[in-house]
Number of protein chains: 4
Amino acid sequence: MKNNSPSTSRRSLRLHIYEIIFESDTPAGKYFDVGLFIFILVSIIVVLFESVESYRTSYQETFRTIEWILTCIFLIEYILRLYCVRKPLHYALSFYGIIDLLAIMPSFLAFFITAGQSLIVIRALRLLRIFRIFKLGSFMAQGNVIMESINQSKGKIAVFLYFIVILVLIIGSMMYVIEGGKNQDFDSIPTSIYWAIVTLTTVGYGDITPVTNIGKFMSAVVMILGYAVIAVPTGIVSASMINQGRKINGQACPHCSKEGHDNDASYCKFCGGEL
Amino acid sequence: MKNNSPSTSRRSLRLHIYEIIFESDTPAGKYFDVGLFIFILVSIIVVLFESVESYRTSYQETFRTIEWILTCIFLIEYILRLYCVRKPLHYALSFYGIIDLLAIMPSFLAFFITAGQSLIVIRALRLLRIFRIFKLGSFMAQGNVIMESINQSKGKIAVFLYFIVILVLIIGSMMYVIEGGKNQDFDSIPTSIYWAIVTLTTVGYGDITPVTNIGKFMSAVVMILGYAVIAVPTGIVSASMINQGRKINGQACPHCSKEGHDNDASYCKFCGGEL
Amino acid sequence: MKNNSPSTSRRSLRLHIYEIIFESDTPAGKYFDVGLFIFILVSIIVVLFESVESYRTSYQETFRTIEWILTCIFLIEYILRLYCVRKPLHYALSFYGIIDLLAIMPSFLAFFITAGQSLIVIRALRLLRIFRIFKLGSFMAQGNVIMESINQSKGKIAVFLYFIVILVLIIGSMMYVIEGGKNQDFDSIPTSIYWAIVTLTTVGYGDITPVTNIGKFMSAVVMILGYAVIAVPTGIVSASMINQGRKINGQACPHCSKEGHDNDASYCKFCGGEL
Amino acid sequence: MKNNSPSTSRRSLRLHIYEIIFESDTPAGKYFDVGLFIFILVSIIVVLFESVESYRTSYQETFRTIEWILTCIFLIEYILRLYCVRKPLHYALSFYGIIDLLAIMPSFLAFFITAGQSLIVIRALRLLRIFRIFKLGSFMAQGNVIMESINQSKGKIAVFLYFIVILVLIIGSMMYVIEGGKNQDFDSIPTSIYWAIVTLTTVGYGDITPVTNIGKFMSAVVMILGYAVIAVPTGIVSASMINQGRKINGQACPHCSKEGHDNDASYCKFCGGEL
């Protein structure tokens, strides 16, 4: 990626900016990433505090000012990213490119759309900006192991979730029939399904609870089911993680070509040959 | 399964319908499966919306019309299935055959049984129809791994559930004795058992909560127990999934063509031949 | 155990009773076990129904009669067990011997102690009688695998529970300080500890909830902690179950003395030798 | 550690005290540890009971007396520890040294700071003293396995918690937008985030529950997400524990005396020597 002989100073500047913004192996790049992280954090904290009635009335002006300063910083950053990257369109349409743009837009949209209510919806997206921080640091490797495990088991988890949806549809319908007339809480099948999800996932708000004996029995069955069924996703991911761990550590022995060596191994554990 | 030289055109039609309805490797078969999936989905959504008071009063007629159209489609489909299958009785008595029939019946039963309330009970069964969709697509393989794991560990899970039932009986009885007189919520042993299940499974509705000090202590013990006990089904399924994973990676033996060898196997465990 | 040439008919009778009551490999023994199971079940159901106000007032007499008949049956069974067993004292002091005795006592104690309230406490113990059923059937093997896994990991689980107790003491005290004055729910440290257990185990009754901002933040931290900490007992038992599974299937190969063969293996997977 | 030829009797006394207080392989050392454990337990129980209104009014004097006696014992113990240890400053600044000091301070601080309210805050720290007991007994080994597993997987758990925080920020903001105007419970983003944590971790207090249809749908999604996501920390710790188990069974290499070999290893992975 590095080009040590730029023909013009403009290209040199571009490369320099690229190294600062997109890479983090130079001191300047590191300072930039940390600074950006802090700005995003401040931006989120401001949104959080602004949503609290008492703070909004007292510090409205301060919050607005900070927001605008941060929006300008993020805008400049976005323009610089577009400027220094080799393929601007590719970046603009990438996952982080879209998030970067969405993070700036809400503040500007406030000019055209006056309804404050709908504005907040978009503002919440600004929180997604925090994902960029994952580009920082050594967490990536650890995150990748998790991601790879989830990726490997996503098919099984999809089937599991599909079963859960069907289960919840049937349980919800049955509870609507059982509790329907006697309990105002179970006033429709969708509400009953909502209750079934609350119960099966062991969340248990308690805003909707059965009152009939058969309803209580049914919900007891659902609870025990949920208690046992949680073993399925757990088993899927555990099995995947163990496989993952075994694979990641493994390189094949050049002598006996067996795999399954630990990361810190210098010699093959099967034939004693040097790795 | 495929018969490329049918003697009569009737038999050819039958086979053609069979391929469309029961198999999904022809384009027509795929379209049929997807169409059926959409019809079932629409049917479920209509039942869901019809159960909501406000929608029922406004769109009663629309819901009824859609329901009748879908019932007719499912009826035709059921008859075609009976017609084209080689052993109609075998199909009619199979798991999916029964579900297919149960999915059609509620709408017709409405003619004979006028009590709307009891009718809804049967209508809920229509939701089971969604299971048929599992015949679709590549999810089957993933689902089979899960099913096999659950199947392998079903004995252990049964023992576990039996222990849970006994545990819950004893805890419920004890809490009835402890809280009985002082707390209206614990008015009978069945109710106390319901509370014990709500607590042990960490659902925690909060509709029944202990008020005495000893009752609170007891329930704290039950909670920690439930928190630790959930490890048992999880451990069972995890162990089974990992075993499953080890087997699935194995290849067939070139001598006896049996499968299910471990990854580190050098010789077939059934015939002793080299792999 | 079987003695086919008893010297006297009394000893023969004794042996015959022993075979019926304690063993289950004769048809008579099986009928006895199943019968006993049904009697215990009926006995539990009667206790359950009797505790419900409405049933108690209506069927008091019926419940009492059934209870007395069952108590007599269990008494006769207990005497027969003492009579036919070789070491009566050994049986009487064994786990099941004590439970068998405790199951009969409550009904008789009612003669001497008139206070109904305290009587119910002992009656609840009758439910423990259900444990005897575990002597039945093929579930034993499956149950043993679970038991062995729990047994192996009981040291680790004890340390885990000890940590949980300390954690809960500290969290409870901190929440008492934080919420103490402002929230009537947190009126003492024991109550705060009860709340901490309810929250950490993800039960979440909602009978005690934080009202201050710092209290809500603290409880959010406790919840996420509880969500992550549940991985520890699960990991302990999973690891133990997998080890257990590997061991149980294993027998050493007579040729290469390697272990780790599957239960259905006829040949060693490492050297191909017959097992 | 043991010095069998002390030159002066003072040094001999010091060593003797050291053996009693810091080590537990002499009978005196064991009695000391058990005694200390009981004193700490009594101290905690007194704090617990004192916080209960009714006990405080009745037994204020008794509680105070016990507290002062225990504070004196712990003070003497602390001074003796400082006296007998070779590097007093090293001990004073160690984890247990700081906890030992913090355990004594609250009672003395009561002289200078009169505000009772702020005093209780420090008193709660006394509960931390219980950690010292871990120096006792054979639990250490079991605890180390758990600690090592958690240590190994702390990077992955950190990434997981970071994801959870981001997830909860976004879900909280979205629910604030959805429920904001219609539901008084969701009056700010921080409160919505608190709700998101309560729901995602399956705690489910029920103090804040959605009322709109879209809000209920969203929370159903969050619940199922939380139900599936719990598999991640569980998988991480399970995989780590199983790895740990594999290592622990290994013997030391006879050539380089390094440990940590897999069970199926034939050669040392560090030096290549035969095991």
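Residues numbered from 1 in each chain as written. Chains lettered and ligands numbered in written order. Predicted model: local features only at pLDDT ≥ 70, side-chain atom pairs only at ≥ 80, totals over all residues. Heavy atoms only, no water.

**A short note on the overall build of chain A**
In terms of helices and strands, chain A carries eleven helices and zero strands. The helix and strand sequence of chain A, counted from the amino end, reads α-α-α-α-α-α-α-α-α-α-α. Relative to all contacts within chain A whose residues are 6 or more apart in sequence, the contacts with residues 24 or more apart total 52%. When the accessible surface of chain A is summed, it comes to about 13,600 Å², and 65% of that surface belongs to carbon and sulfur atoms. (Helix = DSSP H or I, 4+ residues; strand = E, 2+ residues; numbered from the N terminus. Contact = heavy atoms within 4.5 Å. Areas by Shrake-Rupley, 256 points an atom, 1.4 Å probe, with all protein chains shown as cover.)

**Here we look at the relation of the copies chain C and chain A**
Screw-axis analysis of chain C against chain A gives a translation of 0.0 Å along the axis, an RMSD of 0.1 Å, and a rotation angle of 180°. One copy is carried onto the other by what is essentially a two-fold rotation axis. The overlap is high: 100% of the interface residues of chain C also sit at the interface in chain A, so the same surface is used on both sides. (Least-squares fit on C-alpha atoms with pLDDT ≥ 70 in both.)

**Side note on the packing of aromatic side chains**
According to the stated counting rule, one finds 24 aromatic pairs over all chains in the structure shown. Pairing Phe186 of chain A with Trp195 of chain A gives two aromatic rings, centres 5.4 Å apart and planes at 65°, and the pair type is edge-to-face. Of the two residues examined, Phe186 of chain A and Trp195 of chain A, each falls in the buried class. One aromatic cluster is present, formed by Phe49, Tyr55, Tyr59 and Phe63 of chain A through successive ring pairs. In this structure, Arg14 of chain C packs its charged tip against the face of Tyr83 of chain C, placed 5.4 Å from the ring centre. (Phe/Tyr/Trp six-rings, centres within 6.5 Å; stacked < 30°, edge-to-face > 60°. Buried < 20%, exposed > 50% of the residue type's maximum accessible area, 1.4 Å probe, protein only. Lys NZ or Arg CZ within 6 Å of the ring centre and 35° of its normal.)

**Observations regarding the interface of chain C and chain A**
Where the parts come together, the accessible area they lose is often given as the size of the interface. Taken together, the contacts link four residues of chain C with four residues of chain A. Around 220 Å² of area is buried between chain C and chain A when both sides are counted, 33% of it from carbon and sulfur atoms. Applying the counting rule to chain C against chain A returns zero salt bridges. The interface formed by chain C and chain A holds zero residue pairs in polar contact (both at pLDDT 80 or more) in total. (Buried area = accessible area lost by both parts, 1.4 Å probe. Salt bridge = Lys/Arg side-chain N within 4 Å of Asp/Glu carboxyl O. Polar contact = N/O pair within 3.5 Å; in protein donor to acceptor, adjacent residues only side chain to side chain.)

**Brief notes about helix H1 (residues 9–22) of chain A**
Spanning 14 residues, H1 of chain A covers 19 Å between terminal C-alpha atoms, matching the ideal 20 Å at 1.5 Å per step. Lining the buried residues of H1 of chain A we find helix H2 (27–50) and helix H3 (53–84) of chain A. (Expected span 1.5 Å × (residues − 1).)

**Concerning the pattern of salt bridges**
Under the definition given, this model contains twelve salt bridges over all chains. The residue Glu77 of chain C makes a salt bridge to Arg81 of chain C at a minimum N-O spacing of 2.6 Å. Taken as a pair, Glu77 of chain C and Arg81 of chain C lie in helix H3 (residues 53–84) at a separation of four residues, close to a single helical turn. Across the pair, Arg81 of chain C and Glu77 of chain C agree in class, each one buried. Its salt-bridge partner being Arg56 of chain D, residue Glu53 of chain D comes within 3.5 Å of it at the nearest N-O pair. A residue pair is termed a helical-turn pair when its members lie 3 or 4 positions apart in one helix, as Glu53 of chain D and Arg56 of chain D do in helix H3 (residues 53–84) at three residues.

**Things to note about a positive patch on the surface**
A cluster of basic side chains, namely Arg10, Arg11, Arg14 and Arg86 of chain A, defines a positive patch on the protein surface. Relative to the assigned elements, Arg10 of chain A resides in helix H1. (Patch = residues over 30% accessible without salt bridge, like charges linked within 9 Å, V, L, I, M, F, W, Y side chains within 5 Å. Lys, Arg positive; Asp, Glu negative; His and termini not counted. Charge placed at Lys NZ, Arg CZ, Asp CG, Glu CD.)

**Considerations on a nonpolar patch on the surface**
Residues and elements named next belong to chain A. A grouping of Leu41, Ile45, Phe49, Tyr55 and Tyr59 is seen on the molecular surface, where their side chains present a nonpolar patch of about 430 Å² in accessible area. Those elements giving two or more residues to the nonpolar patch turn out to be H2 and H3. Among the elements that make up the nonpolar patch, the one with the highest residue count is H2 (three residues). Looking at the secondary structure, you find Phe49 in helix H2.

**A short note on the side chain of Thr71 of chain A**
Residues and elements named next belong to chain A. With respect to the secondary-structure elements, Thr71 resides in helix H3. Under the relative-accessibility criterion, Thr71 is labelled buried at 2%. Within the structure, the side chain of Thr71 is placed 2.6 Å from the backbone oxygen of Glu67, a separation counted as a polar contact. Not counting the four nearest positions on each side in its chain, Thr71 is found in contact with Ile104, Ser107 and Phe108.

**Some remarks on the packing of helix H10 (residues 213–229) of chain C against helix H9 (residues 189–200) of chain D**
With their axes 9 Å apart at the nearest point, H10 of chain C and H9 of chain D run at an angle of 25° to one another. With respect to each other, H10 of chain C and H9 of chain D are oriented roughly parallel. The hand of the H10 of chain C/H9 of chain D crossing is left-handed. Between H10 of chain C, through Lys216, Ser219, Ala220, Met223, Ile224 and Tyr227 of chain C, and H9 of chain D, the contact on the second element is made entirely by Thr191, Tyr194, Ile197, Val198 and Leu200 of chain D. In terms of residue class, the contact of H10 of chain C with H9 of chain D is made up of eight nonpolar, two polar and one charged. (Axes fitted to C-alpha atoms, helices over the stretch in contact; angles between N-to-C directions. Parallel < 35°, antiparallel > 145°, perpendicular 65-115°, else oblique. Left-handed = near helix turned anticlockwise from the far one by under 90°. Nonpolar A, V, L, I, M, F, W, Y, C, P; charged D, E, K, R; others polar.)

**Remarks on the confidence of the model for chain A**
Caution applies to low-pLDDT regions: their predicted coordinates should not be interpreted in detail. Across chain A, the average pLDDT comes to 77, with 75% of residues at or above 70. Below a pLDDT of 50 lies the segment residues 1–6 of chain A, which in the model reaches nine contacts outside its immediate sequence neighbourhood of four places, other chains included. (pLDDT = per-residue confidence, 0-100.)

**Focus: the packing of helix H8 (residues 154–179) of chain B against helix H10 (residues 213–229) of chain B**
Residues and elements named next belong to chain B. Remark: H8 packs on H10, axes separated minimally by 10 Å, with the N-to-C direction vectors making an angle of 170°. The pairing of H8 with H10 is recorded here as roughly antiparallel in orientation. When H8 is examined against H10, the residues Phe160, Ile164, Leu167, Ile171, Met174, Met175, Ile178 and Glu179 are found in contact with a partner set consisting of Ile214, Gly215, Met218, Val222, Leu225 and Val229. Classifying every residue of the contact of H8 with H10 gives twelve nonpolar, one polar and one charged.

**Observations concerning unusual backbone geometry**
One non-glycine residue, Thr202 of chain B, adopts positive backbone phi at about 60°. Mapped onto the secondary structure, Thr202 of chain B falls in the loop between helix H9 (189–200) and H10.

**Some remarks on the environment of Asp100 of chain A**
Along the chain, Asp100 of chain A turns up in helix H5 (residues 95–112). Along the backbone, Asp100 of chain A and Glu77 of chain A are 23 residues apart, and their C-alpha atoms lie at a distance of 9.1 Å.

**Observations regarding the side chain of Ser192 of chain D**
For Ser192 of chain D, the position within the fold is in helix H9. Not counting the four nearest positions on each side in its chain, Ser192 of chain D is found in contact with Gly172, Met175, Tyr176 and Phe186 of chain D.

**Focus: the state of the cysteines**
Counted under the stated rule, the structure contains zero disulfides over all chains. The structure places no disulfide on Cys72 of chain A, whose sulfur is separated from the nearest cysteine sulfur, that of Cys84 of chain A, by 19 Å. (Disulfide = S-S within 2.5 Å.)

**Considerations on the environment of Ser192 of chain A**
On the basis of relative accessibility, which here comes to 0%, the residue Ser192 of chain A falls in the buried class. Through-space distance from the C-alpha of Ser192 of chain A to that of Ile208 of chain A is 8.7 Å; in sequence the pair is 16 residues apart.

**Quick look at the environment of Gly204 of chain A**
Tracing the backbone shows Gly204 of chain A in the loop between helix H9 (189–200) and helix H10 (213–229). Sequence separation between Gly204 of chain A and Met223 of chain A is 19 residues, and the spatial gap between their C-alpha atoms is 9.4 Å. Setting aside its immediate chain neighbours within four residues, Gly204 of chain A contacts Val198 of chain A, Val203, Gly204 and Tyr205 of chain B, Gly204 of chain C together with Gly204 of chain D.

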